[in-house]
Amino acid sequence: MTTLGKYSIGVGDRFAHQAKAQLEACILAGKAGVDVIPVWNKSNREHLIIDSEPSSVRTAADAAVAELGWKLPYYCDADHINVTTVDRFLTSCDFYTMDVADYIGKAAERSSIDAFVKKHPELLGTVRMEGADPGIEITADLLSRTAAKFLFAVQEAGKIYRKIEAAKGKGTFVSEVSMDETDAAQTPAELLIILAAIADEGISIQTIAPKFSGRFNKGVDYVGDVIQFAREMALDLAAIRHAVSNYGLPANLKLSVHSGSDKFSIYPAIYASMKEFSTGVHLKTAGTTWLEEVIGLAEAGGDGLALAKEIYAEAYAHSAELCAPYATVIDIDPAKLPAPAEVDGWTSEQFTGALRHDRRSPAYNQSLRQLIHVGFKVAAKMGPRYLGLLEANEAVIAKNVTENLYARHIAPVFLGQAAS
Ligand SMILES: [Zn+2]
């Protein structure tokens with residue numbers, strides 16, 4: 001049985017050049033006393049935008065693992081796939097993020113909703129969960145409304161799961177259900193009901209990615225009420241523990257936090273609630289590494305800085321098109337975006353200062369950062385010119401990639417240290 005470890009980090013590597021630098025961050029974690037399992041995730045959307053194949057992620061991960069002598073497990077995640085897009089990930093991936101957000105709200109057959117409600121009288125009234133007094137209240141109306149809202153999506157996840165299982169074999173892969181890319185957050189009560197439905201569907205999930213309240217914009221800090229997030233996360237963890245013991249879901253089932261990079265203000269809450277519930281978390285980061293590539297290029301100066309400026313100018317010129325697929329997960333203030341002509345005159349320090357996620361720095365510009373975050377298509381179009389400069393400046397880029405993942409993500413989330 002393939003079992004994902006307690007602590008894991010999703011590391012996206014859009015251009016398949018940073019696997020080694022990313023793995024170095026997990027090695028640093030091990031030296032600091034915590035095993036953090038690397039999962040190389042790349043969504044179908046990113047593969048389409050970049051025109052890459054899932055096998056390239058596997059090749060890069062295998063090479064990094066061999067070169068650095070990594071002995072713990074590692075995975076390749078077919079991120080945000082569905083029943084129609086999963087096929088080309090079947091050979092190279094061993095982790096599947098089944099994205100059913102688009103099916104939320106689509107009505108399941110009345111008979112299956114009624115059958116679900118009838119099967120789960122234990123979900124009615126006050127559901128007492130260890131570690132979450134006084135428990136959560138679920139009325140008959142809430143139960144049937146929640147079933148009506150999510151059952152179809154869970155059935156869809158079941159179809160994807162069975163397709164993967166038929167191709168790869170039972171127990172040979174990690175599966176996650178994601179519902180994060182939607183408008184409304186799921187409450188802990190909804191999460192519990194969803195988990196009961198997932199268990200009924202026979203999906204052996206090890207991670208679940210709900211949408212939390214607040215905004216999880218790409219590459220920038222959390223926007224929302226941190227205290228409320230902490231309360232909600234504790235209830236989610238209680239709901240997960242309850243579902244594991246009552247519905248037979250895998251004992252290592254844990255939360256997956258999508259768009260999890262750079263959410264510095266909630267990392268202390270994530271760490272504290274993991275400790276409270278003796279559980280782990282899967283922290284998904286992706287674009288933060290691509291941003292470190294651009295930071296490294298800018299820091300290198302010369303051709304690297306020139307290319308970083310060109311990427312910004314192109315992203316600026318095509319911002320509407322680049323932002324469209326990410327509408328629910330970015331918040332760019334166009335008035336805060338400097339004109340490309342101005343950026344053209346910047347030094348390395350000015351460029352990296354604006355782009356690097358240092359909350360204390362007055363130069364940090366989160367609109368610029370988000371625009372470049374979604375602008376990787378620009379680099380993809382540059383093809384060998386971009387990749388050539390990545391290779392020429394490998395050392396400075398790798399340093400930024402490793403340091404960002406370790407000091408700003410792994411240390412605060414898994415070691416409870418202040419983000420540096
Ligand atoms: Zn996601």
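Coordinates for the structure precede this section.
Reading guide: rules and limits
Residues numbered from 1 in each chain as written. Predicted model: local features only at pLDDT ≥ 70, side-chain atom pairs only at ≥ 80, totals over all residues. Heavy atoms only, no water. Donors = N, O, S within 2.8 Å, 3.2 Å for Na, K, Ca; no water. Helix = DSSP H or I, 4+ residues; strand = E, 2+ residues; numbered from the N terminus. Buried < 20%, exposed > 50% of the residue type's maximum accessible area, 1.4 Å probe, protein only. Pairing = 2+ DSSP bridges. Axes fitted to C-alpha atoms, helices over the stretch in contact; angles between N-to-C directions. Contact = heavy atoms within 4.5 Å. Parallel < 35°, antiparallel > 145°, perpendicular 65-115°, else oblique. Left-handed = near helix turned anticlockwise from the far one by under 90°. Nonpolar A, V, L, I, M, F, W, Y, C, P; charged D, E, K, R; others polar. Disulfide = S-S within 2.5 Å. 1 Å grid on protein atoms, 1.4 Å probe; cavity = no way out; pocket = protein on both sides within 12 Å on 5 of 7 lines; lining within 4 Å. Points joined across faces, edges and corners; volume = space filled by probe spheres on them. Right-handed = clockwise from strand over helix to strand, strands pointing away. Arc of directions from axis to C-beta. Salt bridge = Lys/Arg side-chain N within 4 Å of Asp/Glu carboxyl O.

K.L.:
Just checking my understanding: could you explain the coordination of the zinc ion for this structure?
P.N.:
For a metal with four tetrahedral donors the ideal donor-metal-donor angle is 109.5 degrees, while six octahedral donors give ideal angles of 90 or 180 degrees. Around the zinc ion, the protein contributes the donor atoms H80 (NE2), D180 (OD) and H258 (ND1), which lie 1.9 to 2.5 Å from the metal centre. Linear spacing of the donor residues for the zinc ion on their chain is H-x99-D-x77-H. In this pair, H80 is assigned in strand β3 (residues 75-81) and H258 in the loop between β9 (254-257) and α8 (267-276), connecting sequence segments 178 residues apart. An identical accessibility class is assigned to H80 and H258; each is buried.

K.L.:
Honestly, the sheet that holds strand β1 (residues 7-11) in this entry has me stumped. Any pointers?
P.N.:
Note on sheets: strands pair through backbone hydrogen bonds, and any given pair is parallel or antiparallel. One closed barrel accounts for eight strands, arranged β1-β2-β3-β4-β7-β8-β9-β10; its pairing is parallel. Between one strand axis and the next, the sheet turns by 25° as a mean value, whatever way the strands run. Of the pairings in the sheet, the one linking β3 to strand β4 (residues 95-99) comprises three bridges and is parallel in character. Considered in β4, the bridge of A78 is made with Y96. The strands touched by helix α1 (residues 19-31) are β1 and β2 (37-43); relative to β2, the strand with the most contacts, the crossing angle is about 145°.

K.L.:
Just to check I follow, could you spell out the packing of helix α10 (residues 302-317) against helix α16 (residues 384-392) for this structure?
P.N.:
Working note: a packed helix pair is described by the angle between its axes plus the distance between those axes. Contact pair α10 / α16: the axes reach a minimum separation of 10 Å and the direction vectors enclose 140°. Taken together, the axis directions place α10 and α16 in an arrangement best described as oblique. In this structure, the crossing between α10 and α16 has a hand that is left-handed. Contacts between α10 and α16 involve D303, G304, L307, E310 and I311 from the former and R385, Y386 and L389 from the latter. When the residues that make up the contact of α10 with α16 are grouped by side-chain class, the tally is four nonpolar, one polar and three charged.

K.L.:
I tried to follow the state of the cysteines on my own but got confused; where do I start?
P.N.:
Simply put, the disulfide is a covalent bond whose two ends are the sulfur atoms of two cysteines. Under the defined criterion, the tally for this structure stands at zero disulfides. Cysteine C26 remains unbridged, with the sulfur of C76 as its closest cysteine sulfur at 13 Å.

K.L.:
Hey, could you run me through empty space enclosed by the protein in this one?
P.N.:
Regions of empty space are outlined by a rolling probe, equal in size to a water molecule, passed over the atoms. Considering all chains together, one arrives at three cavities of 30 Å³ or more under this definition. Considered as a void within the structure, the largest cavity measures approximately 170 Å³ in volume. Secondary structure elements with two or more residues in the lining of the largest cavity: β2, α2 (44-50), β3, β10 (281-285) and α9 (287-300). When its residues are assigned to classes, the lining of the largest cavity shows one nonpolar, 13 polar and nine charged. Taken as a whole, the second largest cavity holds about 130 Å³ of empty space.

K.L.:
Help me understand the pairing of β10, please; the structure alone is not making it clear to me.
P.N.:
For a regular strand, the rule is simple: side chains alternate between the two faces of the sheet. Of all five residues that make up β10, five are buried, and the element is covered over most of its length. The alternating pattern of β10 places V281, L283 and T285 on one face and H282 and K284 on the opposite face, and all of these are buried. Of the pairings in the sheet, the one linking β1 to β10 comprises five bridges and is parallel in character. Of the residues in β10, the one forming a bridge with I9 is L283. As paired elements, β9 and β10 share three bridges and run parallel to each other. Within β10, the position partnered with S256 by the bridge is H282. Once the chain exits β9 it traverses α8 before rejoining the sheet at β10, and the crossover so formed is right-handed.

K.L.:
Is there a simple way to explain α8 in this structure?
P.N.:
A turn of α-helix holds 3.6 residues, and therefore any two residues three or four places apart point the same way. When we look at burial in α8, the residues that qualify are Y267, A269, I270, S273 and M274. Projected onto a plane normal to the axis of α8, the buried residues spread over an arc of 160° and lie on a single side. Residues of α8 that are exposed and point more than 90 degrees away from the buried face comprise P268 and E276. Packed against the buried residues of α8 are β1, α7 (226-247), β9, β10 and α17 (394-414). The positive-phi residue at the C-terminal boundary of α8 is S278, with phi of around 45°.

K.L.:
How should the environment of L368 be read in this particular structure?
P.N.:
As for its placement among the helices and strands, L368 is situated in helix α14 (residues 366-373). Spatially, the C-alpha atom of L368 lies 33 Å from that of M274, the residues being 94 residues apart in sequence.

K.L.:
Where do I start with the pattern of salt bridges in this structure?
P.N.:
Opposite charge on two side chains permits pairing when their charged atoms draw close. Counted under the stated rule, the structure contains 28 salt bridges. Between R58 and D94 there is a salt bridge; the shortest N-O distance is 3.1 Å. Taken together, the positions of R58 in helix α3 (residues 54-68) and D94 in the loop between β3 and β4 put the pair 36 residues apart, joining distant regions of the chain. For the residue pair R58 and D94, the accessibility class agrees, reading buried in each case. Its salt-bridge partner being R162, residue E201 comes within 3.1 Å of it at the nearest N-O pair. With a gap of 39 residues between them, E201 in the loop between α6 (188-200) and β8 (207-209) and R162 in helix α5 (residues 140-168) connect regions that are remote in the sequence. Relative accessible area serves as the criterion here: at 22%, E201 is assigned to the partly exposed category.

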